[in-house]
Amino acid sequence: MLKKTFRQMAVAQIVSAMTVILCLLIDSIMIGRFLGVDSMAAYGLSNPLLLAFAAIGSMVSAGVQVMCSKSLGSGDQKANNTYYSVTVVLCVAVSVFALAFVILLRHPLCQFLGAGSSGTLHDLTSDYLLGFIIGAPAFLASTILVPFMQLAGKQTRLVVAVLLMTISDIVFDALNVFVFHGGMFGMGLASSMSYYIAFIAGIFYFVSKDCLFRFKLALVHMKEVLELLKAGIPTVINMISLVLLSFVLNQILMSISGSTAVAAYSIISTASNICYAFSSGIAAVILMLSGIYYYENDRKTLYDLLKLMLRYAIIIDVILTVVILVIAPFMVKLFMNSDSGAFELATLGLRLFALSLVPSSINTGLKHFFQGTDHIKLTEFISVLQNFACIAGFSFLLSLVAGTTGVWLGYLCGECLVLLIIYAIVWHHNKSGAFTLENFSLLPKDFGVSDDYYLRATLKTMDEVVDFSAQVSAFCKKHKANSRCCYFTALCVEEIGKNILSYGYQNDKNHDIDVSLFFKQPELVLRIRDEGKPFDPVEYNKMINSDDPVSHMGIRMVFGVAKQVSYTNSMSQNSISLTLDSQWR
């Protein structure tokens, strides 16, 4: 079930990221083709500020992923509602701040970004910022609420929302250029309006009765706010590093070749975002799933997850590198004519950038895995190296001898250096340079439960459930659980498995049930996951008629023998966790 879940979530994340980035691509094409090089340069100069606001949204979004992974791992649905409520309040607060900050201070901001205090470039940058910031509330909400859509298993709704955003952005951009002639303000406003359409499409789920999350202002406390923001700090450091990198490279390129080089960099940045959609989509899934399995102390599944990430990252980015090397001139031609002074610069830069994709994808995946497994300081350190220090350092040094070509080579050299540094850290931590999943996971030697104390299986039929329940009984006996515990644990597997197969699935769905059992002396934990209809045995147990001794005997038996029962429904999966005493009498 892990591979299936990973692929489903990764596809949804990548499609979502690609569609959002497609809006930026469309904006860049329309600006470069119809508004000119100065407008393209103004668009590039605006990016650091827009990335700064995106960083805030990404910080909250990553905090949601980390904290909800913890609560899902421990089966705490109330915590999910708490973080949802905190997220809504933060979204409103940041939106108000962003609107006021840019509207009131956009002229000094333009000067700070390098557009000067007056003149054409200043005016174009100011106009674009004003048009774009109007959409700040929808832009931030769309970023922040995505993890909750994923947790609720609403990948289809998420994809539909971003598709609507893309279509509307194309329409509004075309209207601005060919009908209203609104210039850079109109381009920014077109993006804002498309974000509001995506927001409206997505918000219907959160106000419906089927929504898994409930907003309660009483749940919002400073403690939870700080917890969520702290969990997202590695991501905001990541984004701030990108802001600094964009700002520094703009200044380096401006000093070498002026607005022509900055315009070329804007094209490369837009194209790079398309490439990064694949690695960032996979990384977002890694962050969420690694957090869940880390707080379930599931060492083997974490190894499997790391292996999946590396396999998909390398295969996808090798293919992507070859494609970009071949089609680079055609991509650049979308933005400007081949006789433009920036055409050759952008084509060469895009090809050199493509060579960095494979090491970049590995670095990004490992970084998010480390964040999900609680290596926060290491994640922050890698973020600064990968997204600013190494690339900016190489770009500056190489630009002294190779001009703009040196700047483009900074990506490849920087990512390779980061990968070498990660390998050095892994070697130092494990006292071994072996290329193994165990070494690169950086999990403590005593983490989780050893394989000898773990039993797991994927079951599809009732016969398989019955056979596995016999294995459960034998497994419990092997580890010195008493006879009553062995019998009732096996019976729990059989009873829950029978209910899932009988009532949880429709005939057109695969009947997959993931079961794991492990010992944490003096207790044992039984976890059962399925993709059937939502069913919460905890709430159901409260509703059944307790006066009838033969009513719902299976559910009564489960609650009678378990010390603790928890249930979560996330990512379109039911997850039931039972804790039992191995010496229960």
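Keep in mind the model is a prediction, meaning the values are calculated, not measured.

What the chain contains, in helices and strands, is 21 helices and five strands. Counting only residues that meet the buried cut, the chain has 57% of its 585 residues in that class. For the chain, the accessible area works out to roughly 24100 Å², and carbon and sulfur atoms hold 65% of it.

Counting across every chain of the model gives 22 aromatic pairs. With centroids separated by 6.0 Å and ring planes inclined at 35°, the aromatic side chains of Tyr128 and Phe132 adopt a geometry described as tilted. Note that Tyr128 and Phe132 are positioned in helix α4 (residues 120–133) at a spacing of four residues, about one turn of the helix. By the burial criterion, Tyr128 is buried, and Phe132 matches it. Ring plane angle 70° and centroid distance 5.3 Å describe the contact between Tyr205 and Phe206, whose orientation is recorded as edge-to-face. Residues Tyr205 and Phe206 agree in their burial class; the two are buried. Among the aromatic residues, ring-to-ring pairing joins Tyr43, Tyr128, Phe132, Phe139 and Tyr195 into one connected group.

On to the packing of helix α12 (residues 299–335) against helix α14 (residues 357–372), then. Look at α12 against α14: their axes get within 8 Å of each other, and the N-to-C directions meet at 155°. The angle between α12 and α14 places the two elements in the roughly antiparallel class. Where α12 crosses over α14, the handedness of that crossing is right-handed. Between α12, through Leu302, Leu306, Met309, Leu310, Ala313, Ile314, Asp317, Val318, Leu320 and Thr321, and α14, the contact on the second element is made entirely by Leu357, Val358, Ser361, Ile362, Gly365, Leu366 and Phe369. Looking at side-chain class alone, the contact of α12 with α14 contains 13 nonpolar, three polar and one charged residues.

What follows is about the packing of helix α11 (residues 259–295) against α14. Relative to each other, α11 and α14 sit at 25°, their axes nearing to 7 Å. On the basis of the axis angle, α11 is roughly parallel to α14. In this structure, α11 crosses over α14, and the sense of that crossing is right-handed. Along its contact with α11, which presents Cys275, Tyr276, Ser279, Ala283, Ile286, Leu287, Ser290, Gly291 and Tyr294, the element α14 presents Leu357, Ser360, Ser361, Thr364, Gly365, His368, Phe369, Gln371 and Gly372. Counted by class, the contact of α11 with α14 contains eight nonpolar, 10 polar and no charged residues.

On to the nonpolar core. In terms of nonpolar packing, the biggest core is built from 142 residues, with Phe148 and Leu289 touching the most fellow members. Top contributing element to this core by residue count: α11, with 19 residues. Non-local contacts of Phe148, meaning those with residues more than four positions away in its chain, are made with Val64, Cys68, Asn80, Tyr83, Tyr84, Thr87, Phe206 and Phe213. Membership of the second largest hydrophobic core comes to 32 residues, among which are Cys486, Ala490, Val515 and Phe519.

Scanning all chains against the criterion turns up five salt bridges. Linking Glu438 and Lys445 is a salt bridge whose minimum nitrogen-to-oxygen distance equals 3.9 Å. With a shortest N-O distance of 3.7 Å, Glu495 and Lys498 are connected by a salt bridge. With Glu495 and Lys498 both in helix α19 (residues 483–504), this residue pair falls three residues apart, about one helical turn.

Within the element layout of this structure, Arg299 appears in helix α12. Once you skip the residues sitting within four places of it in the chain, Arg299 turns out to touch Leu443, Pro444, Lys445, Asp446 and Phe447.

Next up on the list: the environment of Leu289. Counting through the fold element by element, Leu289 comes out in helix α11. Accessibility expressed as a relative area gives 1% for Leu289, which makes it buried. Measuring from C-alpha to C-alpha, the distance between Leu289 and Leu2 comes to 9.3 Å, with 287 residues separating the pair along the chain.

Turning our attention to unusual backbone geometry. If you check the backbone angles, His181 has positive phi at about 50° while not being a glycine. The phi dihedral of Asp374 is positive, around 75°, even though this residue is not glycine. When you line up the elements, Asp374 lands in the loop between α14 and α15 (376–402). We classify Asp374 as partly exposed; its relative accessible area is 41%.

Right, let's talk about the side chain of Thr82 for a bit. Summarising the element assignment, Thr82 is placed in helix α3 (residues 77–113). For Thr82, a relative accessible area of 9% puts it in the buried group. Contacts of Thr82, omitting those with residues within four sequence positions, involve Leu219 and Glu224.

Moving on, we come to the confidence of the model for the chain. Confidence along the chain averages 82 in pLDDT terms, with 90% of residues attaining 70 or more. At the level of individual helices and strands, the chain shows its lowest average pLDDT in helix α20 (residues 537–543), which scores 50, and its highest in helix α16 (residues 404–430), which scores 94.

Parameters at a glance
- Residues numbered from 1 in each chain as written.
- Predicted model: local features only at pLDDT ≥ 70, side-chain atom pairs only at ≥ 80, totals over all residues.
- Heavy atoms only, no water.
- Helix = DSSP H or I, 4+ residues; strand = E, 2+ residues; numbered from the N terminus.
- Buried < 20%, exposed > 50% of the residue type's maximum accessible area, 1.4 Å probe, protein only.
- Areas by Shrake-Rupley, 256 points an atom, 1.4 Å probe, with all protein chains shown as cover.
- Phe/Tyr/Trp six-rings, centres within 6.5 Å; stacked < 30°, edge-to-face > 60°.
- Axes fitted to C-alpha atoms, helices over the stretch in contact; angles between N-to-C directions.
- Parallel < 35°, antiparallel > 145°, perpendicular 65-115°, else oblique.
- Left-handed = near helix turned anticlockwise from the far one by under 90°.
- Contact = heavy atoms within 4.5 Å.
- Nonpolar A, V, L, I, M, F, W, Y, C, P; charged D, E, K, R; others polar.
- Core = buried A, V, L, I, M, F, W, Y, C linked by side-chain atoms within 4.5 Å.
- Salt bridge = Lys/Arg side-chain N within 4 Å of Asp/Glu carboxyl O.
- pLDDT = per-residue confidence, 0-100.

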